[in-house]
Amino acid sequence: VQLQACGGGLVQAGGSLRLSCAASGRTFSMYNMGWFRQAPGKEREFVAAISGSGSTTTYADSVKGRFTISRDNAKNTVYLQMNSLKPEDTAVYYCAASRRGMFTITGGYDWWGQGTQVTVSS
(Lines give C-alpha, C1' and ligand atoms only; values in the text may rest on other atoms or scores of the structure.)
Protein backbone atom coordinates (compact mmCIF):
# COMPACT_ATOMS: atom_id res chain seq x y z
CA VAL A 1 0.00 0.00 0.00
CA GLN A 2 1.17 3.53 -0.74
CA LEU A 3 0.39 6.32 1.72
CA GLN A 4 0.21 10.06 1.08
CA ALA A 5 -0.11 12.37 4.07
CA CYS A 6 -1.15 16.00 3.86
CA GLY A 7 -2.74 18.78 5.86
CA GLY A 8 0.18 20.04 7.87
CA GLY A 9 0.98 23.70 8.28
CA LEU A 10 1.71 26.55 10.65
CA VAL A 11 -0.81 27.26 13.38
CA GLN A 12 -0.86 29.26 16.59
CA ALA A 13 -1.04 27.55 19.96
CA GLY A 14 -4.62 26.64 20.77
CA GLY A 15 -5.49 26.21 17.13
CA SER A 16 -6.53 23.16 15.13
CA LEU A 17 -5.40 21.19 12.10
CA ARG A 18 -6.68 18.09 10.39
CA LEU A 19 -4.22 15.74 8.78
CA SER A 20 -5.25 13.31 6.08
CA CYS A 21 -3.55 10.17 4.82
CA ALA A 22 -4.77 8.67 1.57
CA ALA A 23 -3.97 5.06 0.76
CA SER A 24 -3.81 3.27 -2.54
CA GLY A 25 -5.42 -0.09 -3.18
CA ARG A 26 -8.81 -1.69 -2.67
CA THR A 27 -8.29 -3.44 0.69
CA PHE A 28 -7.85 -0.40 2.91
CA SER A 29 -10.17 -1.77 5.60
CA MET A 30 -7.75 -4.65 6.17
CA TYR A 31 -5.06 -2.24 7.39
CA ASN A 32 -4.72 -0.94 10.89
CA MET A 33 -3.49 2.65 10.67
CA GLY A 34 -1.29 4.72 12.89
CA TRP A 35 -0.01 8.26 13.20
CA PHE A 36 3.46 8.98 14.49
CA ARG A 37 5.47 12.16 14.81
CA GLN A 38 9.12 13.10 14.93
CA ALA A 39 10.48 16.36 16.27
CA PRO A 40 14.00 17.52 15.40
CA GLY A 41 16.61 15.56 17.30
CA LYS A 42 14.06 13.18 18.78
CA GLU A 43 12.90 9.65 18.15
CA ARG A 44 9.76 9.02 16.15
CA GLU A 45 6.92 8.62 18.63
CA PHE A 46 3.46 7.13 18.58
CA VAL A 47 0.47 9.46 18.43
CA ALA A 48 -2.65 7.43 17.64
CA ALA A 49 -3.86 4.24 15.99
CA ILE A 50 -7.13 2.89 14.63
CA SER A 51 -8.29 -0.57 13.69
CA GLY A 52 -9.29 -1.53 10.17
CA SER A 53 -12.98 -1.22 10.90
CA GLY A 54 -12.52 1.99 12.84
CA SER A 55 -14.13 0.52 15.94
CA THR A 56 -11.01 0.63 18.09
CA THR A 57 -8.67 3.55 18.69
CA THR A 58 -5.76 4.23 21.00
CA TYR A 59 -3.81 7.40 21.80
CA ALA A 60 -0.60 8.53 23.37
CA ASP A 61 -1.19 10.14 26.75
CA SER A 62 0.27 13.40 25.48
CA VAL A 63 -2.53 13.85 22.92
CA LYS A 64 -5.45 12.12 24.61
CA GLY A 65 -8.48 14.41 24.74
CA ARG A 66 -7.02 16.78 22.12
CA PHE A 67 -6.47 14.59 19.05
CA THR A 68 -8.95 12.28 17.33
CA ILE A 69 -8.10 9.59 14.80
CA SER A 70 -10.77 8.45 12.38
CA ARG A 71 -11.06 6.78 8.99
CA ASP A 72 -13.30 6.63 5.98
CA ASN A 73 -12.80 3.26 4.33
CA ALA A 74 -14.90 4.27 1.33
CA LYS A 75 -12.35 7.02 0.64
CA ASN A 76 -9.27 5.00 1.66
CA THR A 77 -8.36 7.79 4.04
CA VAL A 78 -7.40 8.11 7.68
CA TYR A 79 -7.57 11.42 9.52
CA LEU A 80 -6.00 13.01 12.56
CA GLN A 81 -7.99 15.91 13.96
CA MET A 82 -5.71 17.95 16.20
CA ASN A 83 -7.24 20.50 18.55
CA SER A 84 -5.78 22.68 21.31
CA LEU A 85 -2.40 22.44 19.67
CA LYS A 86 0.69 23.19 21.73
CA PRO A 87 4.20 24.20 20.65
CA GLU A 88 5.41 20.77 21.79
CA ASP A 89 3.20 19.20 19.10
CA THR A 90 5.56 20.64 16.48
CA ALA A 91 6.93 17.74 14.43
CA VAL A 92 6.78 15.93 11.14
CA TYR A 93 3.71 13.69 11.27
CA TYR A 94 3.71 10.32 9.54
CA CYS A 95 0.92 7.90 8.80
CA ALA A 96 1.62 4.18 8.76
CA ALA A 97 -0.18 0.95 7.93
CA SER A 98 -0.06 -2.55 9.35
CA ARG A 99 -1.79 -5.82 8.50
CA ARG A 100 -0.51 -7.41 11.71
CA GLY A 101 -2.38 -5.39 14.30
CA MET A 102 -2.59 -2.06 16.08
CA PHE A 103 0.74 -1.07 17.53
CA THR A 104 2.21 1.84 19.45
CA ILE A 105 5.72 1.16 18.18
CA THR A 106 7.20 1.94 14.79
CA GLY A 107 8.26 -1.67 14.29
CA GLY A 108 4.66 -2.76 14.09
CA TYR A 109 4.07 -0.91 10.83
CA ASP A 110 5.26 -1.98 7.42
CA TRP A 111 4.21 0.93 5.22
CA TRP A 112 4.87 4.62 5.82
CA GLY A 113 3.80 7.88 4.24
CA GLN A 114 6.25 10.67 3.47
CA GLY A 115 5.36 12.92 6.41
CA THR A 116 3.75 16.32 6.74
CA GLN A 117 5.15 19.18 8.82
CA VAL A 118 3.12 20.63 11.67
CA THR A 119 4.45 23.76 13.33
CA VAL A 120 2.73 25.30 16.34
CA SER A 121 3.82 28.79 17.30
CA SER A 122 3.54 30.13 20.83
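Look up a bit, the structure's there.
Thresholds applied
Residues numbered from 1 in each chain as written. Predicted model: local features only at pLDDT ≥ 70, side-chain atom pairs only at ≥ 80, totals over all residues. Heavy atoms only, no water. Helix = DSSP H or I, 4+ residues; strand = E, 2+ residues; numbered from the N terminus. Buried < 20%, exposed > 50% of the residue type's maximum accessible area, 1.4 Å probe, protein only. Contact = heavy atoms within 4.5 Å. Areas by Shrake-Rupley, 256 points an atom, 1.4 Å probe, with all protein chains shown as cover. Lys, Arg positive; Asp, Glu negative; His and termini not counted. Charge placed at Lys NZ, Arg CZ, Asp CG, Glu CD. Pairing = 2+ DSSP bridges.

Mind laying out the overall build of the protein chain, listing which residues take part and the relevant values?
Tallying secondary structure elements over the protein chain gives zero helices and 11 strands in all. The N-to-C order of helical and strand elements in the protein chain reads β-β-β-β-β-β-β-β-β-β-β. With respect to the principal axes defined by its C-alpha atoms, the protein chain has extents near 40 × 25 × 25 Å. Looking at the protein chain as a whole, 45% of its 122 residues qualify as buried. At a minimum sequence separation of 6, the contacts of the protein chain that also span at least 24 residues come to 57%. For the protein chain, the computed accessible surface area is about 6000 Å², with 47% contributed by carbon and sulfur atoms. A gap of 7 Å separates the mean positions of the 12 positive and 7 negative side-chain charges of the protein chain.

I'd like a description of the pairing of strand S7 (residues 67-72), backed by residues and values.
Burial along S7 is one-sided: the face carrying Phe 67, Ile 69 and Arg 71 is buried and the face carrying Thr 68, Ser 70 and Asp 72 is not. Of the pairings in the sheet, the one linking S7 to strand S8 (residues 77-82) comprises six bridges and is antiparallel in character. The residue of S8 that forms the bridge with Ile 69 is Leu 80. Connecting S7 to the antiparallel partner S8 that follows it, the hairpin turn spans four residues, and Asn 76 within it adopts a positive phi of roughly 55 degrees.

A description of the pairing of strand S11 (residues 116-121) should follow, citing residues and the corresponding values.
Side chains Thr 116, Val 118 and Val 120 project from S11 onto a buried face, and the interleaved Gln 117, Thr 119 and Ser 121 project onto a face without burial. Across four bridges, strand S2 (residues 9-12) lies against S11 in parallel orientation. Within S11, the residue paired with Val 11 across the bridge is Val 120.

Keep in mind these values describe shape, not function.
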